[in-house]
2 protein chains.
Amino acid sequence: MRHTEEAPAVTEALALLREKGERVTAARRAVLQVLDGASGHLCAEDIAGRVDAAEPGVHRATVYRSLQSLTELGIVAHTHVPGSATIYHLKHSAAAQHAHAHLQCTTCEGFFDVPTDWLAPLAERLRDELGFELDAQHAALLGTCAECRDHFAD
Amino acid sequence: MRHTEEAPAVTEALALLREKGERVTAARRAVLQVLDGASGHLCAEDIAGRVDAAEPGVHRATVYRSLQSLTELGIVAHTHVPGSATIYHLKHSAAAQHAHAHLQCTTCEGFFDVPTDWLAPLAERLRDELGFELDAQHAALLGTCAECRDHFAD
DNA sequence: TTATGTGCAAACTGTTTGCGCGAAG
DNA sequence: CTTCGCGCAAACAGTTTGCACATAA
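No experiment lies behind these values; they were computed from the predicted model shown. In every chain, residue numbers begin from 1 and rise along the written sequence. Chain letters start at A and ligand numbers start at 1, both assigned in the order the entries are written. With pLDDT at 70 or above as the cut-off, local features in this predicted model cover only qualifying residues; side-chain atom pairs require 80 or more to be listed or tallied, and sums for whole chains, interfaces and linings still use all residues. Only hydrogens and water are set aside; all other atoms, that is, all heavy atoms of the structure, feed into the side-chain values.

Caption draft 1: Molecular detail of the relation of the copies chain B and chain A. The least-squares superposition of copies is restricted to C-alpha atoms, and to residues with a pLDDT of at least 70 in both copies. Once turned by 180° and shifted 0.0 Å along the axis, chain B lies on chain A with an RMSD of 0.1 Å. The superposition of one copy onto the other is thereby described by a two-fold rotation axis. Minimal C-alpha separation from the rotation axis in chain B is found for B:Pro82, amounting to 3.2 Å. We call two residues contacting when some pair of their heavy atoms lies within 4.5 Å. Residue by residue, 100% of the interface of chain B is reproduced at the interface of chain A, so both copies engage with the same surface.

Next comes the structure, spelled out in structure tokens:
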């Protein structure tokens, strides 16, 4: 089976897999490829769809399992989205260079990115005063976006 | 059927219900009573359990529907907890006087409260620069608590 | 060859919904 | 009496799991 050019981030990830004694399989390669070529706002179902296009027959359950092991290896990260599916992204992809937290508008359901350093002062305070180490990207922050706020002004 | 003394917050909420033309039912009263007497970290299932103790026969679905309408009326608020059930609290209960956001440790799953004003600078920045109105209590923030950080130090 | 990953189907959790009955107003 | 809420069962989305088979190493 032929596959398209492998992005550097993917090659790197596959190397890390081998290094850790994990197996390099078609499913995992495809998952990585999809993540690399995406905006970083894909849920498992989306990923499964795209993976199946490139590598037919890969089961959803396998995609979940791949995402899980890739997460444990530190290659993939995810963001929990209240009320809907978790979204995944490559930790070191070009698109993820500027680490960002996720804002979600509870009205239009749209996503907005916010640079992680905006959360740095809060993170510092939590660390200093509570010893709590914040993982700002791990859960979406909720609120109302500018557009919806204007549109439904009350 | 007899029920125990009604807390002021509950009486107030029931009055508001009537005012808005909503019906006061045994199920809704029980839900309010449970929320009033709780720490504010109860999920729908927990609430259903306690409601059923006080008012046997109330169905889970009814609890969900009650929580939903009470939320729409602004009496109840909830916090989404990644990977597990949404938790609910009375908006104006004694226990909720000092509004707080929720931190959850991804290791021990424990909850920690943080005063909303710790998030105020971030909220302000989001409002000023993005027009995004943050609802700090609506989703839990994730990270690692002091204890787990020490315990699993790496 | 052998441990590890995979496909499949089925379970599972949290939550919602269509239906006819019952009770609040 | 009429409308709204309820109990029930069934559906739903997202995710996980037990098992037998396939395959990377």
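On we go.
Caption draft 2: Quick look at the sheet that holds strand 5 (residues 111–115) of chain A. The mixed open sheet is built from four strands, whose spatial order is 5(A)-4(A)-7(A)-6(B). Since the sheet does not close on itself, it has two edges, and those belong to strand 5 of chain A together with strand 6 (133–134) of chain B, each with one partner. Here, strands pair whenever DSSP counts at least two bridges between them. Only DSSP runs of H or I covering at least 4 residues are called helices, and only runs of E covering at least 2 are called strands; the numbering of each starts at the N terminus.

Caption draft 3: Quick look at the protein's contact with DNA strand D. Taken together, 18 residues surround DNA strand D, and among them A:Thr86, B:Glu22, B:Arg23, B:Thr25 and B:Thr62 come closest. Residues are counted as near a molecule or strand when any one of their heavy atoms sits within 4 Å of it. Looking at DNA strand D alone, sugar and phosphate atoms form 64% of those within 4 Å of the protein. Contacts described as polar in this section are N or O atom pairs within 3.5 Å, which, within protein, must combine one atom able to donate a hydrogen with one able to accept it, while residues neighboring in sequence count only if both atoms come from side chains. A distance of 3.2 Å is found between a phosphate oxygen of DNA strand D and a backbone nitrogen or oxygen belonging to B:Gly57. Elements with a contribution of two residues or more to the surface near DNA strand D: helix 4 (60–72) of chain A together with helix 2 (26–36) and helix 4 (60–72) of chain B. Residue polarity follows a fixed list, in which Ala, Val, Leu, Ile, Met, Phe, Trp, Tyr, Cys and Pro are nonpolar, Asp, Glu, Lys and Arg are charged, and the others, Gly among them, are polar. For the surface near DNA strand D, the class distribution of residues is six nonpolar, five polar and seven charged.

Caption draft 4: Summary view of the interface of chain B and chain A. Listed by partner, the interface residues are 32 residues for chain B and 32 residues for chain A. Carbon and sulfur atoms make up 72% of the surface buried where chain B meets chain A, a total of about 2700 Å² over both sides. Together, B:Trp118, B:Phe132 and B:Leu142 form the three largest contributors to the area buried by chain B at its contact with chain A, with a combined 27%. A pair is scored as a salt bridge if a Lys or Arg side-chain nitrogen falls within 4 Å of a carboxyl oxygen belonging to Asp or Glu. Our count for the chain B to chain A interface comes out at two salt bridges. At the boundary of chain B and chain A, one finds eight residue pairs in polar contact (both at pLDDT 80 or more). Counting residues per element, the side of chain B that touches chain A draws most heavily on helix 5 (residues 120–130) of chain B, which supplies six residues. Two parts placed together each lose some accessible area under a 1.4 Å probe, and the buried area is that loss summed for both.

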